[in-house]
Amino acid sequence: MAVTHAFWLAGRQASGEDTFDVTSPWDGRLVGKVSVPTDAQVEEAVAAAYAVRDEFAATPAHVRAAALDHVSRRLVERTEEIAQLISAENGKPIKWARGEVGRAVSVFRFAAEEARRFNGGEAQRLDTDAGGQGRLALTRRFPKGAVLGIAPFNFPLNLCAHKIAPAIAAGVPIILKPAPATPLSGLIIGDLLAESELPAGSWSILPVANDHMPALVQDERLPVISFTGSEKVGYAIMDSVPRKHCTLELGGNGAAVVLGDYASDADLDWAATRIATFSNYQGGQSCISVQRVIADAAVYDRLLPRIVAAVEAQVTGDPGDDKTDVGPLVSEAAAQRVESWVQEAVEAGATLLTGGKRDGASYAPTVLTDVPADTTISCEEVFGPVLTVTKVDGEAAAFAAANDSKYGLQAGVFTHDVQVAFRAHRALEVGGVVIGDVPSYRADQMPYGGAKQSGVGREGVKFAMDDYTYERVLVLTGLAL
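Residues numbered from 1 in each chain as written. Predicted model: local features only at pLDDT ≥ 70, side-chain atom pairs only at ≥ 80, totals over all residues. Heavy atoms only, no water.

A.B. asks: Quick one: what's the story with the sheet that holds strand β5 (residues 30-36), residue by residue and with numbers?
C.D. replies: Think of a sheet as strands paired side by side through backbone hydrogen bonds, with each pair either parallel or antiparallel. On the basis of which strands lie adjacent, the open sheet formed by three strands has the order β1-β5-β4 and mixed pairing. Each edge of the sheet is formed by a strand with only one pairing partner; in this case those strands are β1 (4-5) and β4 (18-23). Strand direction decides the pairing type here: β4 and β5, joined by six bridges, are antiparallel. Paired with T23 across the strands is L30, a residue of β5. (Pairing = 2+ DSSP bridges. Helix = DSSP H or I, 4+ residues; strand = E, 2+ residues; numbered from the N terminus.)

Structure below.
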């Protein structure tokens, strides 16, 4: 009999009246049952977060840092268990799941470090004008209010960590809503936080259904919303609460640009391997996976067969096998959508070089060329293991092609020329430019977010803490400065 997992209500375990099943996208087996909060329990969590906000903001930094350090240590101790859980509920290959646990370890460690140095205050002398003589301004940051954190399925542990760890570090109460497809990884964080001494109400983890989200979004006691997910849902949230502070980390269709100076056999082998790996890791279900390759004509003919070979070398299959590179998508419906987009592109004139086959929730790693610019797969985020390759003539054309998208999350540029690197940084309309590698690199302490339709605001522990708080000025008068 499957275990029924409780949720975390104001820092304590609780059970609702109903449950839902979490199943494996690989083989359909039951991974676990999750208890669903009642409307009254959701109200209790929101009321507790609102009531504790002043107490939590005043909690000593060492208390918050100790809780975060504790979670980081416990994640290390339970790495294999949690990685197996991520792989089971998400379908992520176990080697990538272990890497995700490692990243969450770092997120909580970074948050503990930031908690110790956050809000130290900044002094500004005001006697630069005669009217400010004897006055000194001090600025500190204070919480905007309790946060509603909404996390997606593709990194079910680490993206929950990116919501909750910065909130605790900054002394901001948070209600975390994990994705319905993958709630178990997020609930694990509750197991570990419950072992700490944080005040009751400072955090809750509520696996409510998506149709309960509008009420939480509209609740005035939750003035800050941090959402990671689709463009459609993210902007619908923002439009529905125009006076709330919203951080949106949305989609992308990441471009990897390979320029003409990246021309040796070793260069092209490296580029092809990285492109193949990171167009398919997580089943392509990453906002910064490689979806578009834009190759200079000087290297295109030598690069393309290397990419196809590297894609075909990806090991697909059972996500529990250490050798597997590419597992299933999160659901059969997701794989069917990818299948329909590829079929549309091929019918419109695209050339299918490899892949293009679906088996249940799994979709074979796929490479397309000659893809018409108006097809869905060219314009939208595929969120699957599909790659398009385009030939261009020169740097300017490559950067223009990379910018020819409504999205702008990250881009990778393969070049050895430092001057080109700085030109790329200036020219590419994205939140991050990675030189010498694919766009799929993210360090969890760096600012992360997009331009254009890829979102608003920045994640990354310190930057999320800034996002959850605001500056308040204290002016001291009558000082002998």
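Having seen the model, we can carry on.
A.B. asks: Quick rundown of the pattern of salt bridges? Include the residues and the values.
C.D. replies: The tally for this structure, following the rule as stated, stands at 31 salt bridges. Of the charged contacts in the structure, one is a salt bridge between R221 and E43, with a shortest N-O distance of 2.7 Å. Note that R221 is positioned in the loop between α8 (213-218) and β11 (224-228) and E43 in helix α1 (residues 39-51), a separation of 178 residues in sequence. Taking the shortest distance from any N to any O, the salt bridge between R141 and D466 comes out at 3.7 Å. (Salt bridge = Lys/Arg side-chain N within 4 Å of Asp/Glu carboxyl O.)

A.B. asks: For the pairing of strand β19 (residues 386-392), give the residues involved together with the corresponding values.
C.D. replies: Among the seven residues in β19, five count as buried, and that is most of the element. Examined bridge by bridge, strand β18 (residues 366-369) and β19 share four bridges and lie parallel to one another. Note on β19: the bridge partner recorded for V367 is L387. (Buried < 20%, exposed > 50% of the residue type's maximum accessible area, 1.4 Å probe, protein only.)

A.B. asks: Quick rundown of the sheet that holds strand β25 (residues 469-476)? Include the residues and the values.
C.D. replies: Strand order in the open sheet made by the three strands is β6-β7-β25, with antiparallel pairing throughout. Because the sheet does not close on itself, it has two edges, and the strands there are β6 (122-125) and β25. Shown here is a sheet whose adjacent strand axes are inclined to one another by a mean of 30°, direction ignored. Of the strand pairs in this sheet, strand β7 (residues 136-143) and β25 are connected by eight bridges, and their pairing is antiparallel. Opposite R140, over in β25, you have R472 as the bridge partner. (Axes fitted to C-alpha atoms, helices over the stretch in contact; angles between N-to-C directions.)

A.B. asks: Could you give an account of the packing of helix α14 (residues 395-403) against helix α15 (residues 418-427), with specific residues and numbers?
C.D. replies: When two helices pack together, their arrangement is captured by the angle between the axes and the distance separating the axes. It is at 11 Å that the axes of α14 and α15 come closest, and there the two elements cross at 35°. α15 is crossed by α14, and the crossing has right-handed handedness. In this structure, α14 uses E395, F399 and N403 to contact α15, whose residues at the interface are V420, R423, A424 and A427. Its residues assigned to classes, the contact of α14 with α15 comprises four nonpolar, one polar and two charged. (Left-handed = near helix turned anticlockwise from the far one by under 90°. Contact = heavy atoms within 4.5 Å. Nonpolar A, V, L, I, M, F, W, Y, C, P; charged D, E, K, R; others polar.)

A.B. asks: I'd like a rundown of the packing of aromatic side chains, residues and numbers included.
C.D. replies: The tally for this structure, following the rule as stated, stands at six aromatic pairs. With centroids separated by 5.9 Å and ring planes inclined at 85°, the aromatic side chains of F153 and F383 adopt a geometry described as edge-to-face. Placement of F153 in the loop between β8 (147-150) and α6 (158-170) and of F383 in the loop between α13 (376-379) and β19 is noted, with a sequence separation of 230 residues between them. Ring geometry for F278 versus Y281: centroids 4.8 Å apart, planes at 65°, classification edge-to-face. Like Y281, F278 is buried. An aromatic cluster of three or more residues is present, and its members are W96, F278 and Y281. One residue, K462, lies across the ring of F463, its end atom 5.3 Å from the ring centre. Here the guanidinium or amino end of R472 rests over the ring plane of F142, the centre of that ring lying 4.0 Å away. (Phe/Tyr/Trp six-rings, centres within 6.5 Å; stacked < 30°, edge-to-face > 60°. Lys NZ or Arg CZ within 6 Å of the ring centre and 35° of its normal.)

A.B. asks: Before we move on, can you summarise helix α4 (residues 79-90) with the specific residues and values?
C.D. replies: Between its first and last C-alpha, α4 extends 16 Å over twelve residues, near the 16 Å set by a 1.5 Å rise per residue. Every buried residue of α4 is accounted for by I82, A83, L85, I86, S87, A88, E89 and N90. Residues of α4 that are buried make contact with β4, β5, α3 (61-77), α5 (94-117) and α7 (183-193). G91 occupies a position one or two residues after α4 and carries a positive phi of about 85°. (Expected span 1.5 Å × (residues − 1).)

A.B. asks: Can you tell me about the nonpolar core, naming the residues and giving the values?
C.D. replies: The tendency in soluble globular proteins is for nonpolar side chains to be buried as a group. Grouped together as the largest cluster of nonpolar side chains are 77 residues, with contacts concentrated most on L68, L75, F108, I164, I189 and I225. Ranked by residue count, the leading element in this core is α5, at eleven residues. For L68, the residues in contact, after removing those within four places along its chain, are F108, A111, A112, A115, A165, I168 and A169. In terms of nonpolar packing, the next biggest core, distinct from the first, is built from 33 residues, C287, I288, V290 and V367 among them. (Core = buried A, V, L, I, M, F, W, Y, C linked by side-chain atoms within 4.5 Å.)

A.B. asks: Just give me the short version of unusual backbone geometry, but keep the residues and values in it.
C.D. replies: The residue Q282 is not glycine, and still its phi comes out positive at about 60°. Among the secondary structure elements, Q282 is positioned in the loop between α10 (265-280) and β14 (292-296). We classify Q282 as buried; its relative accessible area is 5%. Even without a glycine there, the phi angle at K452 is positive, about 55°. Topologically, K452 is positioned in strand β23 (residues 451-452).

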